[in-house]
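# An overview of the molecular structure
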Number of protein chains: 2
Amino acid sequence: MALIVHKYGGTSMGSTERIKNVAKRVAKWHDAGHQIVVVPSAMSGETNRLIALAKEIMPQPDPRELDMLASTGEQVSVALLSMALQSLGKKAVSYAGWQVPIKTDSAFTKARIQSIDDARVRRDLDEGKVVIITGFQGVDDKGNITTLGRGGSDTSAVAVAAAMKAAECLIYTDVDGVYTTDPRVVTEARRLNTITFEEMLEMASLGSKVLQIRSVEFAGNYKVPTRVLSSLTDPLMPLEEEANSGTLISFEEDTHMEQAVISGIAFNRDEAKITVLGVPDKPGIAFQILGPIADANVEVDMIIQNQSVEGKTDFTFTVARGEYAKAMDVLNESVKAHIGAASIVGDTKVSKVSVVGVGMRSHVGIASQMFRTLSEEGINIQMISTSEIKISVLIDEKYMELAVRALHKAFDLEKA
Amino acid sequence: MALIVHKYGGTSMGSTERIKNVAKRVAKWHDAGHQIVVVPSAMSGETNRLIALAKEIMPQPDPRELDMLASTGEQVSVALLSMALQSLGKKAVSYAGWQVPIKTDSAFTKARIQSIDDARVRRDLDEGKVVIITGFQGVDDKGNITTLGRGGSDTSAVAVAAAMKAAECLIYTDVDGVYTTDPRVVTEARRLNTITFEEMLEMASLGSKVLQIRSVEFAGNYKVPTRVLSSLTDPLMPLEEEANSGTLISFEEDTHMEQAVISGIAFNRDEAKITVLGVPDKPGIAFQILGPIADANVEVDMIIQNQSVEGKTDFTFTVARGEYAKAMDVLNESVKAHIGAASIVGDTKVSKVSVVGVGMRSHVGIASQMFRTLSEEGINIQMISTSEIKISVLIDEKYMELAVRALHKAFDLEKA
């Protein structure tokens, strides 16, 4: 018998029929003697419907009121799932974030969890109840409802699992695990049985959308064993089989001794590149360029500054494509003349491709293998960025699929 | 400058366009220097949508979970109205019942308000904010969300007005006040400028659907001046005119010294009559008949027991038509043989017509005037029931409209 947290996404909760299936699956786990806490998302489409209503009222709604509004979607879900479990004869009780309470800071629409009081939930579990807690939301110290931002239900589930020292957090979703790369790009892509927390963090931050990155950080910080698995299987499939399906995000370093050097190929199409040319190379120049960009709430990803030639250098960075125009405006209006740059150029037709793997730490030659593979395919590398467990390159977007397929093959990822 | 509570029904909140109109109206009152608390209902159709979802899950959902679900409708409303006020440049803040808090007992789906803490709201008002509070709901002492039952937003508004000692509670609705009778039955029906609390209570309990009866009781207990007025007028109509429109439910006895003897004619089509014939007339017989009826949660309205003849009497009472079959089953299965009744007969084609007015207290002859009028129209009276300020008769439903029109004319109600 173990305490296990289940998380179900909006698609899994998308209709009353689907909610009944979720209840069957949860009841199966409870029947096996486990204590179960469930964290469901809002029914698919519901959060968008609510936000559309708000936008009809005003284009930029107040964040506090937006959270008041959007948090209702998850409250509907928990109540319906509780009823569905009761209709199967289970004792069940639903809670909104403030009832647990899940305490957060007051950063409305993107709040961060500060603490979770598990006393009430634990009492219910000890009484044999299934406890259902709203994802995505909490309450600040003034009693205002907050939300964690899009995808926040993953974070809620992992945070609840951490607070309650759950044996495992099962993230049920519409994919059946984490793959070596996107199967839509490489048909030979293979599902990983396990992935380390650090690899998952890189995969998530590099554009692999299986889990929200903050939930991965949370899982890492609190060492919550987290499994990504499918909610589309038969809810009554044998529990043993289900418990070992999907991909486990693990914190046991030694289980990975035999693992492949590279775990997967991540990619991100949503990149745009900006280069400030002919910048005088003197202290503070990076801040003078990126400070105004940050002030405009534009997030910067890769950053490169070349060796200067004759006291001048070129400064390049990437942003999300949707923020390219805003970033260019900021540079042209507030930065260019101020720092005496020669010109500013950009390109929105670029993509990032990354190889990720903890094995990289102890194996030389990964970078050269990657660069050789791309070179053999005639793909020019525009920027390079590295961390301990990943190497990312920026390339022309038209070569992205080719690059991913070539690298997947070069690192033998189709083989288990 | 006064503290005023506004309540808006589901129709007034039925779309984002209508919510914007509500905001304009509220802003107008705030601009005039008043402190405003608004209690809106859920958007029309929303509560029904949510309950339909619950019924798809199970026919008899758990009341606690039903409240968790249904309370989201009002939370959506308050957030949207707060945004709409902000878009007009007003400072506004929305609260769910638990945030105020509005404390209730734990009778889920039909909770009763126990206390309202106005500290937080008053602080906001003093800071110049419009405060928007969810109707229909509260929180029990264990932190569970409760709802007050259908129409509970009226009660919330009056309760908030009572707790805050508001100068007036304005109930904006899709009728423009309280009429001497239903204008669809009597075209000469006249809107009353004022009505006493007790008359309103009788009108509400006798089937006039303008205000929920519990809200009228609340208004009476706490002497909250309450006005029913139209939300369909131009939101920017002159405030003075709006402030004197509709019908004021008043507690100033002396303002009614000159008032007509009868204020209005109420009626209720939703009646069914049951008679237990040949009952041995001995102590406890009324309880033996009505006890099992109450245990089956059937509400009884009029009750008559005739003088006994030769130790036998007939016992008659009325119930809502939808509960007639259930009541008959209970009597035939659990009561008839037990008390030795001769037979049980019933009629679902009956209606109740009532004349209401505080002036009745000091005027004799109202009853005889009523009975004569009905007699002149050839309408047979099946049952009679009276209180200090009303006389009700049960008649064949096919004469109901005729009776209402005849009485309206007989008591000169078309004249101001």
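Since the structure is predicted, the reported quantities are computational estimates derived from the model, not experimental observations. (Residues numbered from 1 in each chain as written. Chains lettered and ligands numbered in written order. Predicted model: local features only at pLDDT ≥ 70, side-chain atom pairs only at ≥ 80, totals over all residues. Heavy atoms only, no water.)

Turning to the domain arrangement of chain A, a few remarks are in order. Size of an interface: often given as the accessible area lost when the parts come together. Residues and elements named next belong to chain A. As assigned here, chain A comprises domain 1 (3-254) and domain 2 (264-410). Listed per partner, the contact involves 16 residues of domain 1 and 20 residues of domain 2. Here domain 1 and domain 2 share an interface that buries about 1400 Å² over both sides, 63% of which is from carbon and sulfur atoms. When residues of the side of domain 1 that touches domain 2 are assigned to their parent elements, the largest contribution, four residues, is made by helix α7 (residues 197-205). Across the side of domain 1 that touches domain 2, the residue classes tally to five nonpolar, four polar and seven charged. (Domains from an automatic or database assignment. Contact = heavy atoms within 4.5 Å. Buried area = accessible area lost by both parts, 1.4 Å probe. Helix = DSSP H or I, 4+ residues; strand = E, 2+ residues; numbered from the N terminus. Nonpolar A, V, L, I, M, F, W, Y, C, P; charged D, E, K, R; others polar.)

Grouped together as the largest cluster of nonpolar side chains are 80 residues, with contacts concentrated most on Leu-80 of chain A together with Leu-80 of chain B. Discounting residues that sit within four places of it in the chain, Leu-80 of chain B has contacts with Leu-53, Ala-54, Ile-57 and Leu-69 of chain A together with Ile-19 and Met-43 of chain B. (Core = buried A, V, L, I, M, F, W, Y, C linked by side-chain atoms within 4.5 Å. Buried < 20%, exposed > 50% of the residue type's maximum accessible area, 1.4 Å probe, protein only.)

What follows concerns the packing of aromatic side chains. All names here are of chain A. The full count for this structure, using the stated rule, is seven aromatic pairs over all chains. Aromatic side chains Tyr-8 and Tyr-172 sit 4.6 Å apart centroid to centroid with 10 degrees between the ring planes, which places their arrangement in the stacked category. Of this pair, Tyr-8 sits in strand β1 (residues 3-8) while Tyr-172 sits in strand β9 (residues 168-173), placing them 164 residues apart in sequence. For Tyr-172, a relative accessible area of 0% translates into the label buried. (Phe/Tyr/Trp six-rings, centres within 6.5 Å; stacked < 30°, edge-to-face > 60°.)

Residue and element names in this part refer to chain B. Here eight strands make up an open sheet; going across it, the order is β3-β6-β2-β1-β9-β11-β12-β10 and the pairing mixed. If you trace the sheet from one side to the other, it starts and ends with β3 (92-95) and β10 (194-196), each paired once. Here the average twist between neighbouring strands, direction ignored, is 20 degrees. (Pairing = 2+ DSSP bridges. Axes fitted to C-alpha atoms, helices over the stretch in contact; angles between N-to-C directions.)

This next bit is on the UniProt feature "domain: ACT" (unreviewed entry) in chain A. Residue and element names in this part refer to chain A. Under the UniProt annotation, "domain: ACT" (unreviewed entry) lies at residues 274-353 and 355-416. Its end C-alpha atoms 18 Å apart, residues 274-353 is made of 34% helix and 40% strand. Here residues 355-416 is 35% helix and 23% strand, with 17 Å between the C-alpha atoms at its ends. (UniProt positions renumbered as here; feature names shortened; annotations may be inferred.)

Moving on to helix α12 (residues 366-376) of chain A. Residue and element names in this part refer to chain A. Of the residues making up α12, those classed as buried are Ile-366, Gln-369, Met-370, Thr-373 and Leu-374. The buried side chains of α12 occupy one side of the element, clustering within an arc of 130 degrees when seen end-on. When the buried face of α12 is taken as reference, the exposed residues oriented beyond 90 degrees from it are Ser-375 and Glu-376. Directly beyond the C-terminal end of α12, a positive phi value near 75 degrees is found at Gly-378. (Arc of directions from axis to C-beta.)

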